[in-house]
Amino acid sequence: MKIKPLFIICFIVSFTASSQEYIFGVKGGVNYNYIGDFLSQEGSYYSAENEIGYQFGVFTEVSFNKLFVRPEANYVSLKNSYVFPLKTAKWAAQQMDIPILFGYKVSYPIAIYTGPVFSFITDMTMEGWEDTPYADPFIYNASSTSICAGVLLDFDRFGVDIRYQYGITSVKEQRLDMIKTYNGYGVNLGDLLDYNGSQLLVSAHVNIINIGRNDGRRRGGSKFNWRESKINSNKC
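Starting from 1, residues in each chain are numbered consecutively following that chain's sequence as written. Reporting of local features is limited, given that this is a predicted model, to residues whose pLDDT is at least 70; pairs of side-chain atoms are given and counted only at 80 or more, and all residues count toward the totals for whole chains, interfaces and linings. The basis for every side-chain value is the complete set of non-hydrogen atoms in the structure, without hydrogens or water.

Q: Go over the pairing of strand β7 (residues 88–107), please, and point to the residues and values.
A: Side-chain direction in a regular strand flips from residue to residue, so the side chains alternate between the two faces of the sheet. Alignment of strand β6 (residues 67–83) against β7, held across 15 bridges, turns out to be antiparallel. Considered in β7, the bridge of K79 is made with A92. The antiparallel hairpin formed by β7 and strand β8 (residues 110–126) contains two residues in its connecting segment. A pair of strands is treated as paired once DSSP finds two or more bridges between them. Counting from the N terminus, the helices are the DSSP runs of H or I reaching at least four residues and the strands are the DSSP runs of E reaching at least two.

Q: Give me the pairing of strand β1 (residues 21–34): which residues, what numbers.
A: Both β1 and strand β5 (residues 52–64) contribute to a ladder of 12 bridges, which runs antiparallel. Note that in β5 the partner of V30 across the bridge is Y54. Bridge count for β1 against strand β14 (residues 198–211) is 13 bridges, and the pairing is antiparallel. Bridge pairing in β14 places Y32 opposite L200.

Q: Kindly report on the nonpolar core, identifying the contributing residues and their values.
A: If you look at the biggest cluster of nonpolar residues, it comprises 21 residues, and the most contacted ones within it are F38, Y82, F84, W91, M126 and M178. Looking at this core, the elements with two or more residues in it are β6, β7, β8 and β12 (174–178). As used here, the term nonpolar core means buried Ala, Val, Leu, Ile, Met, Phe, Trp, Tyr and Cys residues forming a set that is joined through side-chain atoms within 4.5 Å. The rule is simple: take the accessible area with a 1.4 Å probe, protein chains only, and divide by the maximum for that residue type; under 20% is buried, over 50% is exposed, in between is partly exposed. In this structure, F68, L101, Y113 and L152 belong to the second largest nonpolar core, which totals seven residues.

Q: Lay out the pattern of salt bridges in plain terms, naming residues and giving numbers.
A: What makes a salt bridge here is a side-chain nitrogen of Lys or Arg within 4 Å of a carboxyl oxygen of Asp or Glu, nothing more. Considering all chains together, one arrives at nine salt bridges under this definition. Notably, a salt bridge pairs E51 with K90, separated by 3.1 Å at the nearest N-O pair. Of this pair, E51 sits in the loop between β4 (48–50) and β5 while K90 sits in strand β7, and the two are 39 residues apart along the sequence. Exposure remark for K90: the relative accessible area of 38% places this residue in the partly exposed category. Overlapping salt bridges bring together K27, E61, R70, E72, D161 and R163 as one network.

Q: Go over the sheet that holds strand β2 (residues 38–40), please, and point to the residues and values.
A: Adjacent strands of a sheet pair through backbone hydrogen bonds, lying either parallel or antiparallel. Taken in spatial order, the five strands make up an open sheet running β3-β2-β13-β12-β9, and their pairing is antiparallel. Each of the sheet's edge strands pairs with one partner strand only, and the pair in question is β3 (45–46) and β9 (129–130). When β12 meets strand β13 (residues 189–192), the two strands line up antiparallel, connected through four bridges. Paired with D177 across the bridge in β13 is L189.

Q: Residue-level account of the side chain of N33, with values.
A: Relative to the helices and strands, N33 is located in strand β1. A 3.5 Å cut-off defines polar contacts: any pair of N or O atoms within that distance qualifies, except that in protein one atom must be a possible hydrogen donor and the other a possible acceptor, and neighbouring residues in sequence count only when both atoms are side-chain atoms. There is a polar contact of 2.7 Å between the side chain of N33 and the side chain of N80. A polar contact of 2.9 Å, which involves the side chain of N33, links it to the side chain of Q199.

Here it is, written out as structure tokens:
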């Protein structure tokens, strides 16, 4: 399944031309990452333990009535570990995520969204593997594509969102040679099984710039105007 970025960019440009509101902000939060199991040559399975990672970035949002488009640029740090018999091996990755989100404002302050995420992986490591003739080199895809969906709560200036992200690009199985001898992990040759990576991400954001908002609640509803009320009461 391939998602063409050029089509998405053209759609955003046409949508922006008729939009009613523009927002720019910053965000940050934590994540849980899910990756594949490790199968040792002895037949033992070791599931990846989830550890808390983090992300931070910027976003812009353009709205037209209840619909909005929200491109983001986020730096994401992912963490996992494998609890082997003698020692725990840490797995980590750093990447730049570019989500292009399409959303609907349900009712203040709730909105829902979905869209593709284009990831550019800058580094990926796993403790304990050795580069030997008996195993594959530890490699990773330089880029990948995911799909995400989530819920956004926005309270004018501040907000939070929670999303689930599932990798469309699969990571192929790799044979790794782990350190088993002195100061080793208690496993030797094994397979890091193929998987489609996924993440659960929770973030908070701050809306720094808001152009075009004409009421106090950007997700709908109305805001009480005390000046207008005072004038009307004096007339009475």
